[in-house]
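# Working through the structure, step by step
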Amino acid sequence: MPTRTDGARTATRTDRSAPPLAAVGRGVQRSVHPVAWWVWALGVAVATTRSPGIVSSAILIVALVAVVALCHTPSAFSRAFPAYLALAAGVVVVRVVFYVLVGLKSGTDVLLPLPRIPLPDWAAGIALLGPVTASGLLAAVSAGLALAALLVCFGAATALTNPQRTLRSLPASLHLLGTSAVIAMTLAPQLVDSWRRVRTAQALRGRSLTGRKAVAATTLPVLQDALERSTTLAASMDSRGYARVHHGSSRLVLALLLAALIAAALGTYALLDGTGPRWLALPLLASGGAAAVIASIVASRRIATTRYRPDVWRWRETVISAIGVAIAALALAASTLEPGVSATSAASGIAGLSVTFTVCGILAVVPAAIGGQR
Amino acid sequence: MISFDQVTFQYQDAAEAVLQDVSLAIPEGELCLVVGETGSGKSTLLQLINGLAPHLTGGRLAGNVTVGGLDTRTHPPRDLAEIVGFVGQDPISGFVTDRVDDELAYSMEQLGIAAPVMRQRVEEVIDLLALARIRHRPLSTLSAGEQQRVAIGAALTAQPRVLVLDEPTSALDPSAAEEVLAALLRLVHDVGVTVVLAEHRLERVIQYADSVVLLGGDGSARSGPPGELMATSPVAPPIIELGRLAGWEPLPLSLRDARRVAGPLRDRLAERVPVRPREAPQADAVPAAALPAAALRAALPAAALHAVDLNVRYGRVTAVNGIDLTLKRGEVTALMGRNGSGKSSLLWALQGSGPRSGGFVRVGDIDPSTLPPDEAIRHIVLVPQRPSDLLYLETVAAECRESDRVALAPPGTTSAILERLSPGLESTAHPRDLSEGQRLALVLAVQLAGAPAVVLLDEPTRGLDYGAKMRLRSVLTEHILGGASVLLSSHDVEFVARTANRVVVLSEGDIITDGPARDVLTASATFAPQVSRILRPVHFLTVDAVRDALGVTP
């Protein structure tokens, strides 16, 4: 025994002689602040809703895919990105199939002269099949692609940011919400695992159960498992000091939130209802927003938890989110910049090629150069 | 550091108190081992130290528990976070975050410790527990031993003066267990942390203990130096049993001490048994009751199961790599190897429910994967690592009836097996309320009801005390006498030494060693049981074998 102890002691000393802080700087791979990626993705998403046609949507999708391919960190969420792409492709296909089956066919450039099948009276207004026209098909693909691009935006944002880290950058007042979301996200795959495990284990008993009995046979052990896990987790969190520096909820926060809610409701009413006093809308909405922000700050003060390795906002984050804002602004201004290009006229001609949206696409790829791991 | 003053603790709805009038003190800087049979209140005692009992579990506490001067009655677990670190039985279900360094920092974040201090402490713990290589990895990708070390590290970053661990090595293979224990020892010796731990496998930890708390099972507790208490303890590792048999005084606790006093015993045994193992009669390697099996084997077709060129792959990972295996009737084969060496994959593939990527398996002349489940259980059964997954009915009796029905066995078959495995089990009890050992007994009884020719068990000894292991051993022995074959995977060297006739060692999906238990176990550095290590070069695996050789009746 004594010899062993001495060995361990010297080993620890040599380990400790390395300055710990130097190790932090070298070892940690700093990834881009998740909020920056979300701003960028939302900017592109705004552009996709204004896209004039197939080519523009395709350019945006290609830009998104390129950035994800170059900047993602390997995780379960980035591995799910191909699934988003498949889903997007599915959306386009479904849109086209619907067009062929029940779409309103107009125009003269017939590609496929299918017969129109009349439906009974109660379904008047819907025509089954009918001649498929090139312009109609292009419009269907274009609409599908715009929706697909929106999906890919969301997929790109989740692939580039670990949602668990995103939740950690919520303000402290939403700490409880963030914690429960993080736990739910950890428990969900475990629940799926235990469900699978129980299913295979049940087969070992030599029964092939069906119906209600089968549901009971799997659900019971899975729920029991989940309950045990939750108790263990609660014990672990409690013994590690969870909720120790929370000082309860405050009346002030409650009052402020209530005021914010009322102001928001009245403001929206004033804004949308033509008969209401329009001039009230803006001040009401603004004061409501201010009350919410103050409530959040006050609530954050009451929670004194600290954060290990918080995500920091530097020039990279500023550039990436600025690009997002620029893309959205360009897309919104597109109709003024290029009056000739719009979603309606595109179908017949060049299928939505637009200088503005090509610029948007190029801008969207820029983060690929700076958003990788440092 | 920790003191219990006339503590009585009773769970709600429980008929009797788990702990009755317990008074003890654990001084600072000690490694204290809590010893007792299943259900004697080990976990409860540990939870009392940081206030999880009664603050989280509920129940009635009388008397006082104080830790570092604070009374747990007035201080809930979260207030004790910088005094007591708690590591539960199943580390992965206690993890809150998804990455190693985030998990290490979690406790400090909750305590509101400043970021620079936090970083410094994380680095220190990483060095102390050798976590540098895995610090950025997701927690779910770690091996069981690494997870256990991360769980210890996560408790340590709050810099507690006491560390409480519930069965820290129960799921680990021998070498991973050594790693975890080495880390704990380093904490005790270098950092001066007081460590309190409960463990079933005393053979792993008894030598490191400074003191022992022995729970009687009737609510009583005694504490004292390990040597003194182990002399009369109802639960004892082989080294202690051997010491008692040989009458060594004082009782040696470490292998080194035992070897130093074992000279005369070695000489006495060497006269009776030749030194070289291969020429030795097999008598002492084979469990005594299994001897007629040799005659049986000659009468029946020898092989119960054939597997040829069996492969299991998950994506690019090869779990089982072209294994040929034949299981003979009347034989208990133990499957050993590191965590993740492919033991479970092999068992599931043999049974037919698990994936197979190539090769074939025959039980008799049938491939079990082609049989419908209710017919397969009369040929080959598997008891998985979490036996409770198989249970879903309301009472033990209902489970037994269902099992008889499915296995087409005469009514009462399952409950008869169960009675032998776990005598006196309430038939009206809910399976969920049973202890780990009792649940295993129930599942084993259910699976054996169809009298299958091949029985596969995945880590059956997890969470079992010495008594439960003995009963499991006798039922398995009886079953192989009926002409069946048993294949069990286990990290429990002592259980394997007393139960198996043959040992197969797996590593990275390949069979590394395959031979009689006696030869394989005595030759291995990691898998040698304590008795073999003490008596080397005389070849004995178990205390029973030594007792027989000496002609002593217990």
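The structure presented is a predicted model; accordingly, all values stated were derived computationally and were not measured.

Thresholds applied
Residues numbered from 1 in each chain as written. Chains lettered and ligands numbered in written order. Predicted model: local features only at pLDDT ≥ 70, side-chain atom pairs only at ≥ 80, totals over all residues. Heavy atoms only, no water. Helix = DSSP H or I, 4+ residues; strand = E, 2+ residues; numbered from the N terminus. Rg over C-alpha atoms; globule rule 2.2 N^0.38 Å. Buried < 20%, exposed > 50% of the residue type's maximum accessible area, 1.4 Å probe, protein only. Areas by Shrake-Rupley, 256 points an atom, 1.4 Å probe, with all protein chains shown as cover. Lys, Arg positive; Asp, Glu negative; His and termini not counted. Charge placed at Lys NZ, Arg CZ, Asp CG, Glu CD. Salt bridge = Lys/Arg side-chain N within 4 Å of Asp/Glu carboxyl O. Domains from an automatic or database assignment. Contact = heavy atoms within 4.5 Å. Buried area = accessible area lost by both parts, 1.4 Å probe. Polar contact = N/O pair within 3.5 Å; in protein donor to acceptor, adjacent residues only side chain to side chain. pLDDT = per-residue confidence, 0-100. Pairing = 2+ DSSP bridges. Axes fitted to C-alpha atoms, helices over the stretch in contact; angles between N-to-C directions. Phe/Tyr/Trp six-rings, centres within 6.5 Å; stacked < 30°, edge-to-face > 60°. Lys NZ or Arg CZ within 6 Å of the ring centre and 35° of its normal. Parallel < 35°, antiparallel > 145°, perpendicular 65-115°, else oblique. Nonpolar A, V, L, I, M, F, W, Y, C, P; charged D, E, K, R; others polar.

### Brief notes about the overall build of chain B
On a plain count of helices and strands, chain B comes out with 22 helices and 19 strands. For 554 residues, the compact-globule estimate of 2.2 N^0.38 gives 24 Å, and chain B sits close to it at 24 Å. When each of the 554 residues of chain B is scored for burial, the buried share is 59%. Looking at chain B as shown, the accessible area adds up to about 20,700 Å², and 50% of this sits on carbon and sulfur atoms. The averaged location of the 66 negative side-chain charges in chain B is 5 Å from the averaged location of its 51 positive side-chain charges.

### Digging into unusual backbone geometry
Note: most peptide bonds trans; most residues except glycine with negative phi. All names here are of chain B. With an omega of 5°, the peptide bond running from Ala53 to Pro54 counts as cis. Along the chain, the position of Pro54 falls in helix 2 (residues 52-55). Glu249 connects to Pro250 through a cis peptide bond whose omega is -5°. Note that Pro250 resides in the loop between helix 9 (238-246) and helix 10 (255-261). Positive phi outside glycine occurs at Glu459, with the angle close to 50°. Along the polypeptide, Glu459 turns up in the loop between strand 16 (454-458) and helix 18 (466-481).

### Quick notes on the pattern of salt bridges
For the coordinates displayed, the defined rule picks out 24 salt bridges over all chains. The residue Arg240(A) makes a salt bridge to Glu103(B) at a minimum N-O spacing of 2.7 Å. Taken as a pair, Arg240(A) in the loop between helix 10 (211-239) and helix 11 (251-272) and Glu103(B) in helix 3 (residues 100-111) lie in two separate chains rather than in one. For the pair Arg240(A) and Glu103(B), one class covers both residues: buried.

### Considerations on the domain arrangement of chain B
Residues and elements named next belong to chain B. When the domains of chain B are assigned, the result is domain 1 (2-235) and domain 2 (237-272 + 527-554). On a C-alpha basis, the centroid separation for the pair domain 1 and domain 2 is 32 Å. With 11 residues of domain 1 at the contact, the number on the domain 2 side is 10 residues. Buried surface at the junction of domain 1 and domain 2, summed over both partners, amounts to about 820 Å²; 68% is from carbon and sulfur atoms. Counting across the interface, domain 1 meets domain 2 through zero salt bridges. In this structure, the connection of domain 1 to domain 2 is made through four residue pairs in polar contact (both at pLDDT 80 or more). Elements with a contribution of two residues or more to the side of domain 1 that touches domain 2: helix 7 (202-205) and helix 8 (226-230).

### As for the interface of chain B and chain A
By a frequent convention, interface size equals the accessible area lost on bringing the separate parts together. Facing 72 residues of chain B, the contacting portion of chain A comprises 62 residues. Together, Gln110(B), Asp389(B) and Tyr392(B) form the three largest contributors to the area buried by chain B at its contact with chain A, with a combined 12%. In this assembly, chain B and chain A are joined by five salt bridges. Measuring nitrogen to oxygen at the nearest pair gives 3.1 Å for the salt bridge that ties Asp225(A) to Arg386(B). For the interface between chain B and chain A, the tally reads 13 residue pairs in polar contact (both at pLDDT 80 or more). With 10 residues, the top contributor of residues to the side of chain B that touches chain A is helix 3 of chain B.

### Some words on the confidence of the model for chain A
For chain A, per-residue confidence averages 78 on the pLDDT scale, and 86% of positions sit at 70 or higher. This stretch, residues 1-28 of chain A, has a pLDDT under 50; its non-local contacts, to residues over four places away or in other chains, come to 27 contacts.

### So, the domain arrangement of chain A
As assigned here, chain A comprises domain 1 (34-164 + 312-370), domain 2 (172-239) and domain 3 (251-301). One C-alpha centre belongs to domain 2 of chain A, the other to domain 3 of chain A; they are set 41 Å apart.

### Observations regarding the side chain of Asp102(B)
Among the structural elements, Asp102(B) can be located in helix 3. The contacts of Asp102(B), once residues within four sequence positions are left out, are Arg165(A), Arg168(A), Tyr308(A), Arg309(A) and Thr97(B).

### Let's talk about the sheet that holds strand 16 of chain B
Residue and element names in this part refer to chain B. Read from one edge of the open sheet, six strands run 15-16-17-13-18-19, paired in mixed fashion. With partners counted over all chains shown, the strands left at the sheet margins are strand 15 (380-383) and strand 19 (510-516), one partner each. Sheet twist, expressed as the mean angle between neighbouring strand axes with direction ignored, is 15°. Note that strand 15 and strand 16 share four bridges and pair parallel. Bridging from a neighbouring strand, Ile380 pairs with Val454 of strand 16. Helix 13 (residues 343-351) contacts strand 13 (331-336), strand 15, strand 16, strand 17 (485-489) and strand 18 (502-507) of the sheet and is inclined by roughly 150° relative to strand 16.

### Points about the packing of aromatic side chains
All told, the structure shown has four aromatic pairs over all chains when counted by the stated rule. Between Trp38(A) and Phe154(A), the ring centres sit 5.8 Å apart and the planes meet at 65°, which makes this aromatic pair edge-to-face. Residue Trp38(A) is found in helix 3 (residues 34-49), and its partner Phe154(A) is found in helix 7 (residues 134-160); the two are separated by 116 residues along the sequence. Connected via pairs of aromatic rings, a cluster forms that spans Trp38(A), Tyr84(A) and Phe154(A). The ring of Tyr466(B) has Lys469(B) lying over it, and the distance from NZ or CZ to the ring centre is 5.2 Å.

### Topic: the packing of helix 13 (residues 315-337) of chain A against helix 15 (residues 355-365) of chain A
Residue and element names in this part refer to chain A. It is the contact of helix 13 with helix 15, at a shortest axis distance of 9 Å, that shows an interaxial angle of 175°. Here helix 13 lies roughly antiparallel to helix 15, going by the angle between them. Only Thr356, Phe357, Val359, Cys360, Leu363 and Ala364 of helix 15 make contact with helix 13, whose side of the interface consists of Ile323, Ala326, Ile327, Leu330, Ala331, Ala334 and Leu337. Classifying every residue of the contact of helix 13 with helix 15 gives 12 nonpolar, one polar and no charged.

### A short note on the pairing of strand 18 of chain B
Residue and element names in this part refer to chain B. Here strand 18 lies mainly inside the structure; six of its six residues are buried. Alternating residues of strand 18 divide into Arg502, Val504 and Leu506 and Val503, Val505 and Ser507, and every residue in both groups is buried. Examined bridge by bridge, strand 13 and strand 18 share four bridges and lie parallel to one another. Each residue of the ladder has a partner; that of Leu335, found in strand 18, is Val504. Taken together, the six bridges between strand 18 and strand 19 define a ladder with antiparallel strand orientation. Following the sheet pairing, Arg502 is matched in strand 19 by Pro516. Joining the antiparallel neighbours strand 18 and strand 19 is a turn of two residues, in which Glu508 adopts a positive phi near 50°.

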